[in-house]
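Observations on chain architecture
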Amino acid sequence: MMELSRLKARAMVLEEYDAPLRLRELEVELPPDAIVVEILAAGVCGSDLHMWRGRDPRAVPPLVLGHEAVGRIISLPCQKRDLLGAPLTEGDLVLWNRALSCGACQACVLWKQPALCQSRWTYGINPPKEKGLLQGGYATHILLRQETEFFKLQADVDLAAIVVASCSGATAAHALDLVTIRPGQTVLVQDSGPLGLFAVALAAGRGARVLLIGSGQRRLELAKKLGAEQVFDHRQTTVDERRQIILGDFAGVDAVVEGTGRPNAVAEGLELLRVGGTYLVAGFGDPAGGLELDCYLLARRQIRLQGVWTSDASHLAQAMAIVNKQPQIIKQMVTEYPLAAADQALLAMEKRQIIKAVLRPQL
Ligand SMILES: [Zn+2]
Ligand SMILES: [Zn+2]
């Protein structure tokens, strides 16, 4: 094992909401039990934007953002296996579950829903402050807890593609795990960002006919490549036009995966469900308001309204399988930036100039 007691790292630190991240050189005393990973790619999530802007109550400065990352283990002070049983060693490439749950409470043990654990915390969002700053992905290194759940990666994996599975991909898998999709049923995805695009691939993989409402030609083309039968540009079609086609040509849909975080999308999607359908609310990572519900519509069509909160390692495994099946298509979502350009990456995501930013500290 590598004898490492001090570590020099660089990190982009959120010191103040709505202000540029600060590039900091950090020299830290290593806790003897920390697993040290050199970060090779870190995803910029849509929810990072909300944290940066101060709209997510979980994220409190000073903080290194970034809950999606892959890297190389450079110090492993314990015996550790990945979730598939492979022994881990220094030098291995790994991706890890972004959150830690307690493993001992009702949600973790009795319900088998670690995403609902009240003690759950997430690297890059709300890690324990006393463990220092190097607990987020926007950095050259991250210090991981020994309980972290790992997947060992093949040496030839495309790091910028596989990292996209970490959050939005896993959350899409969680959404689809909360509904039974039978082959031939129809699933509508409302979102052409990473979450929506993963939802398309996952629903198509379950044998569903998939429709998508989104915007941006590149995104809509990617949705088709991942299995969408028909896509609707929400800027070029009206709610009425879409309703006519979806209720007319398709006779409604059996499930909707919402990934936009916009209440008016929920209002539109609920009306497109067939009797017995399920509406999956997966895009609300921060408080974004509500809507007036037609309760009679819910009752008359016996609609299930299902919230989706984050994900666990089983969902991450499903998202990784989607990437491993078609890495070159998933990679088309990605625009790469050096670490110091994290602000530009966040702004480009906010302005929807790109689909997904990935920071590469080695660039
Ligand atoms: Zn995220
Ligand atoms: Zn728990």
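Rules behind the numbers
Residues numbered from 1 in each chain as written. Chains lettered and ligands numbered in written order. Predicted model: local features only at pLDDT ≥ 70, side-chain atom pairs only at ≥ 80, totals over all residues. Helix = DSSP H or I, 4+ residues; strand = E, 2+ residues; numbered from the N terminus. Rg over C-alpha atoms; globule rule 2.2 N^0.38 Å. Buried ≥ 20, exposed ≤ 12 C-beta atoms within 10 Å, placed from the backbone. Contact = placed C-beta atoms within 7 Å. Pairing = 2+ DSSP bridges. Axes fitted to C-alpha atoms, helices over the stretch in contact; angles between N-to-C directions. Core = buried A, V, L, I, M, F, W, Y, C linked by C-beta atoms within 7 Å. Domains from an automatic or database assignment. Nonpolar A, V, L, I, M, F, W, Y, C, P; charged D, E, K, R; others polar. Parallel < 35°, antiparallel > 145°, perpendicular 65-115°, else oblique.

A tally of helices and strands in the protein yields twelve helices and 17 strands. In terms of overall size, the protein behaves like a compact globule, its C-alpha atoms giving a radius of gyration of 20 Å where 363 residues would be expected to give roughly 21 Å. In terms of overall dimensions, the protein has a C-alpha envelope of 65 × 40 × 35 Å along the principal axes. Counting every position in the protein, which comprises 363 residues, the buried fraction comes to 46%. Within the protein, counting contacts between residues at least 6 apart in sequence, those at least 24 apart form 68% of the total.

Another point: unusual backbone geometry. Between proline 61 and proline 62 the backbone carries a cis peptide bond, its omega angle lying at -5 degrees. Mapping proline 62 onto the fold places it in the loop between helix 1 (46-52) and strand 4 (68-75). Positive phi, normally seen in glycine, also occurs at aspartate 18, with a value near 65 degrees. By the secondary structure assignment, aspartate 18 is in the loop between strand 1 (6-13) and strand 2 (22-29). Phi angles above zero are rare outside glycine, and glutamine 302 is one such case at about 50 degrees. The exposure class assigned to glutamine 302 is exposed, which follows from the 11 C-beta atoms found within 10 Å.

One open sheet holds the six strands; their spatial order is 12-11-10-13-14-15, and the pairing between them is parallel. Here the strands that pair on one side only, and so sit at the sheet edges, are strand 12 (230-233) and strand 15 (304-307). Taken over all neighbouring pairs, the strand axes of this sheet differ in orientation by 15 degrees on average, direction set aside. Across four bridges, the pairing between strand 14 (residues 273-281) and strand 15 is parallel. Bridged to leucine 280 within strand 15 is glutamine 306.

Core analysis: the biggest nonpolar cluster contains 111 residues, and Val163, Ala172, Ala199 and Val200 have the highest contact counts within it. In terms of domain composition, this core takes at least three residues from each of domain 1 (6-167 + 312-360) and domain 2 (169-307). Ignoring anything within four residues of it in the chain, the contact list for alanine 172 reads Leu195, Phe198, Ala199, Leu202, Val257, Ala282 and Ala319.

On to the domain arrangement of the protein. Taken domain by domain, the protein holds domain 1 (6-167 + 312-360) and domain 2 (169-307). Look at where the C-alpha atoms of domain 1 and domain 2 centre, and you get two points 28 Å apart. Where the side of domain 1 that touches domain 2 is concerned, the elements lending two or more residues are helix 1 and helix 10 (313-325). Top contributing element to the side of domain 1 that touches domain 2 by residue count: helix 10, with five residues. Residues that form the side of domain 1 that touches domain 2 fall into these classes: ten nonpolar, seven polar and four charged.

The next point concerns the environment of glutamine 328. Locating glutamine 328 in the fold gives a position in helix 11 (residues 327-331). Under the C-beta neighbour-count criterion, glutamine 328 is labelled exposed, with 9 such atoms within 10 Å. For the pair glutamine 328 and alanine 161, spaced 167 residues apart in sequence, the C-alpha to C-alpha distance is 7.8 Å.

Next up on the list: the pairing of strand 8 (residues 141-144). Of the two faces of strand 8, the one carrying His141 and Leu143 and the one carrying Ile142 and Leu144 are both buried. Direction of pairing for strand 3 (residues 35-44) relative to strand 8: antiparallel, over a ladder of four bridges. Counterpart to isoleucine 35 in the pairing with strand 8 is leucine 144.

Running from N to C, helix 5 (residues 194-205) and helix 10 cross one another at 85 degrees; their axes reach a closest spacing of 11 Å. By the criterion of interaxial angle, the relationship of helix 5 to helix 10 is roughly perpendicular. Along the contact surface, helix 5 presents Phe198, Ala201 and Leu202, while helix 10 presents Gln318, Ala319 and Ile322. Grouping the constituent residues of the contact of helix 5 with helix 10 by class yields five nonpolar, one polar and no charged.

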